[in-house]
Amino acid sequence: AHLTDMHFGRVTPERVQRLKSEFRELQESGAPQLPRARSLHVSEREAFIVMDLCDGVDYAQVLRSPKRHSVALSGADGDPGGPEEKLLPLVGREAELERLRRISVRACNDGGRVLVLWGASGMGKTRLLAELGAEWRERGDWVLQGRCYPSEFVPFASLDGVMDSLRQRLLRLSPAERSLLARDELQVLAQAFPVLDGLVGQGSSRRRRDLGRNVGQLGVALRAMFTQLVWDRPIAVFVDDAHWGDEDGWRVLSRLWQEPLPRGLLLVLALRDEGNIAAQLRQDLAGAAVEELTLAPLADDSCVELARRAGMPVDGEAPPSLLGLGGGNPNWVIHLARAARTVESPRSLQEAVALRLAEAPAGGIFVLKLLAVAGGPLPEAIVRRALEGDADFHRDVGRLRAQGLVVARRTSRGDAALDFDHDSTRAGVLELLQEEERSSLLARLARAVESERRASSSPIAEYHLGAGNPARAVDSALVAAAKAREQLAFARAARLYEIALRHGCADPGERCN
């Protein structure tokens with residue numbers, strides 16, 4: 001973590017070997033020697049490789065494709081980095097990837113495209129997006145990638161990650177290039193997405209009075225911004241796990257395909273066919289020029305190959321549990337393969353997940369429980385505060401990452417954050433929790449978020465409510481609702497006001513307001 005502000009340098013086996021030796025000396029000293037660590041003058045990518053090396057991960061595979069793996073390791077542009085993406089190749093999805101490539105070509109040459117990627121949990125939607133996004137980046141094209149989470153408490157959650165990626169890309173433009181952007185559209189977008197505020201000229205606060213309650217202008221402004229940007233480069237917009245999106249973000253996002261997209265723009269929505277968002281999407285896309293792709297289960301030979309690459313010793317015929325319990329689901333196959341290192345044949349998928357969790361250090365289990373009740377990524381600063389000194393944070397998180405249970409991400413402010421490798425792991429951790437422990441964890445999270453000056457007030461209401469503190473939940477809900485209204489996230493504001501009405505606000509005048 002102390003090395004992530006270093007510039008990117010050239011990675012060689014000799015340099016990594018020296019770094020490995022220096023890093024282990026720092027570990028054995030028992031205390032971080034920051035000046036000495038900085039004197040190594042290493043890159044962020046090298047720092048991650050060194051940490052993996054100290055956990056016994058071979059770096060040679062990373063060095064064979066440094067550009068591809070640097071994206072997965074550093075989490076650039078919101079990529080879902082992690083051990084599966086970093087170490088395991090794409091298996092059994094060659095035909096699907098080829099179709100994505102053909103759609104990409106048509107989007108760049110003939111006209112923008114909308115693709116809906118359907119698939120059950122663990123079928124490889126995120127993995128395919130990572131592969132396609134890496135190919136776009138290698139050509140120098142833009143990839144704006146976002147992801148939705150089951151308990152994400154931010155306005156416009158469906159587009160939050162995409163706007164974070166857009167901001168990072170716009171900041172890389174020269175001041176002269178940014179000055180050519182459509183100032184009015186950018187200021188309209190900045191009202192709903194504060195990360196864009198101030199990128200060109202003054203902030204958006206002076207325009208809020210003019211924009212008023214016209215949420216439709218957000219969708220129009222977003223489309224106009226993309227139309228201008230694709231003149232200079234193709235842009236791919238990925239929204240992963242869109243079934244967990246929110247109504248506010250969906251209303252803005254749906255404006256994009258109400259008219260033909262500009263040439264050079266590819267919009268990919270990856271989601272399960274479940275929930276209100278999926279049903280609304282099918283209704284909105286009826287008759288629209290949209291392409292759809294459904295991920296089917298992997299063939300048996302692909303399951304065996306994937307299990308072998310995940311470390312399962314498969315000689316000759318595959319174990320019945322692999323094909324029976326795995327059901328052609330890539331994520332399940334990986335869980336079963338890694339659990340097979342502990343027992344010969346897990347009896348269920350739940351047992352396979354539990355076996356992987358049993359390998360985590362005690363302090364790491366507590367981190368996993370915090371992530372599970374949060375329902376989405378957590379900034380590392382919040383996790384450290386919530387631990388309240390109960391664990392060696394860097395050691396335990398390093399082990400969790402080496403085991404492939406958590407991955408590193410970045411917040412919109414560029415802060416380091418942690419998340420599960422997959423929601424099936426999150427579900428496995430939640431099964432371990434009793435209601436009393438869950439309430440205690442949520443109370444810790446609420447205290448940690450409140451003590452973080454830069455933290456959003458939006459999730460605190462839900463944390464206090466889950467911890468059994470309705471009075472404090474009401475106060476937090478009213479503050480967060482006011483901010484959501486200001487950002488035009490009216491569905492989010494309505495849910496927060498509902499919390500306040502249901503759990504407090506006994507005064508009739510206050511309820512009326």
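Residues numbered from 1 in each chain as written. Predicted model: local features only at pLDDT ≥ 70, side-chain atom pairs only at ≥ 80, totals over all residues. Heavy atoms only, no water.

So, the packing of helix 16 (residues 300-309) against helix 18 (residues 330-339)
No. 1: Relative to each other, helix 16 and helix 18 sit at 45°, their axes nearing to 9 Å. By the angle between their axes, helix 16 is oblique relative to helix 18. In this structure, helix 16 meets helix 18 at a crossing whose hand is right-handed. Here C303, L306 and A307 of helix 16 lie close against helix 18, whose contacting residues are P330, V333, I334 and A337.
No. 2: Grouping the amino acids of the contact of helix 16 with helix 18 by side-chain chemistry returns 7 nonpolar, no polar and no charged. (Axes fitted to C-alpha atoms, helices over the stretch in contact; angles between N-to-C directions. Helix = DSSP H or I, 4+ residues; strand = E, 2+ residues; numbered from the N terminus. Parallel < 35°, antiparallel > 145°, perpendicular 65-115°, else oblique. Left-handed = near helix turned anticlockwise from the far one by under 90°. Contact = heavy atoms within 4.5 Å. Nonpolar A, V, L, I, M, F, W, Y, C, P; charged D, E, K, R; others polar.)

Regarding the sheet that holds strand 1 (residues 113-118)
No. 1: Pairing within the open sheet is parallel, and its 5 strands lie in the order 2-3-4-1-5. In the strand order of this sheet, the two ends are held by strand 2 (142-147) and strand 5 (291-294), each with one partner. In this sheet, neighbouring strand axes are inclined to one another by 15° on average, regardless of whether the strands run parallel or antiparallel.
No. 2: Across 4 bridges, strand 1 lies against strand 5 in parallel orientation. Paired with V116 across the bridge in strand 5 is E292. (Pairing = 2+ DSSP bridges.)

Examining helix 21 (residues 380-387)
An α-helix turns once per 3.6 residues; consequently, residues spaced three or four apart project the same way.
No. 1: Those residues of helix 21 lying buried are E380, I382, V383, A386 and L387. Take helix 21 and look down its axis: the buried residues cluster within an arc of 160°, on one side only.
No. 2: Against helix 20 (362-374), strand 6 (378-379), helix 22 (393-402), strand 8 (416-420) and helix 24 (435-451) lie the buried residues of helix 21.
No. 3: At the exit of helix 21 stands E388, carrying a positive phi of roughly 55°. (Buried < 20%, exposed > 50% of the residue type's maximum accessible area, 1.4 Å probe, protein only. Arc of directions from axis to C-beta.)

Remarks on the confidence of the model for the protein chain
No. 1: The pLDDT averaged across the protein chain works out to 77; a share of 74% of its residues lies at or above 70.
No. 2: Every residue in residues 1-10 scores below 50 in pLDDT, and together they form 24 contacts with partners more than four places removed in sequence or on other chains.
No. 3: Confidence over residues 204-212 falls short of pLDDT 50; this stretch has 16 contacts with residues more than four positions distant or in other chains. (pLDDT = per-residue confidence, 0-100.)

Concerning unusual backbone geometry
No. 1: Positive phi values are uncommon outside glycine, yet F156 reaches one of about 55°.
No. 2: With relative accessibility at 0%, the residue F156 sits in the buried group.
No. 3: Look at D241: it is not a glycine, yet its phi comes out positive at around 50°.

Re helix 13 (residues 216-229)
No. 1: Here helix 13 is 14 residues long and its end C-alpha atoms lie 20 Å apart, about the 20 Å a rise of 1.5 Å per residue gives.
No. 2: In this structure, the buried residues of helix 13 make contact with strand 2, helix 9 (157-172), helix 11 (183-192), strand 3 (235-240), helix 14 (247-253) and strand 4 (265-271). (Expected span 1.5 Å × (residues − 1).)

Comments concerning the packing of helix 21 against helix 24
Two quantities define a packed helix pair, namely the angle between the axes and the distance from one axis to the other.
No. 1: The N-to-C vectors of helix 21 and helix 24 enclose an angle of 125°; their axes lie 8 Å apart at closest approach. Taken as axis vectors, helix 21 and helix 24 run oblique relative to one another. By crossing handedness, the relation of helix 21 to helix 24 is classed as right-handed. Contacts between helix 21 and helix 24 involve I382, R385, A386 and L387 from the first element and R444, L445, A448, V449 and S451 from the second.

Focus on the sheet that holds strand 7 (residues 406-410)
Two strands in a sheet stick together by hydrogen bonds in their backbones, pointing the same way (parallel) or opposite ways (antiparallel).
No. 1: Ordered by their spatial adjacency, 3 strands build an open sheet running 6-8-7, and the pairing between neighbours is antiparallel. Of all strands in the sheet, those bounded by a partner on one side alone are strand 6 and strand 7.
No. 2: Judged from the 2 bridges that link them, strand 6 and strand 8 form a sheet pairing that is antiparallel. Looking at strand 8, one finds that P379 is bridged to A417.
No. 3: On top of the sheet, helix 22 reaches strand 7 and strand 8; it is set at about 110° to strand 7, its chief contact.

With respect to the pairing of strand 8
No. 1: Burial within strand 8 is extensive, with 4 of its 5 residues counted as buried.
No. 2: As defined by bridge partners, strand 7 adjoins strand 8 across 5 bridges and the pair is classed as antiparallel. Residue pairing for strand 8: A408 is matched across the bridge by L418.

Structural notes on the nonpolar core
No. 1: Of all hydrophobic cores here, the largest spans 53 residues; its most connected members are L170, L196, L253, W257, L267, L269 and L281.
No. 2: Among all residues touching L281, those that are not within four sequence positions of it are V116, W118, W250, W257, L269 and L271. (Core = buried A, V, L, I, M, F, W, Y, C linked by side-chain atoms within 4.5 Å.)

Brief notes about the packing of aromatic side chains
No. 1: Considering all chains together, one arrives at 2 aromatic pairs under this definition.
No. 2: Ring geometry for F156 and F193: centres 5.3 Å apart, planes at 55°, overall tilted. Of this pair, F156 sits in the loop between strand 2 and helix 9 while F193 sits in the loop between helix 11 and helix 12 (208-211), placing them 37 residues apart in sequence. Residues F156 and F193 agree in their burial class; the two are buried.
No. 3: Aromatic side chains W250 and W257 sit 5.7 Å apart centroid to centroid with 65° between the ring planes, which places their arrangement in the edge-to-face category. (Phe/Tyr/Trp six-rings, centres within 6.5 Å; stacked < 30°, edge-to-face > 60°.)

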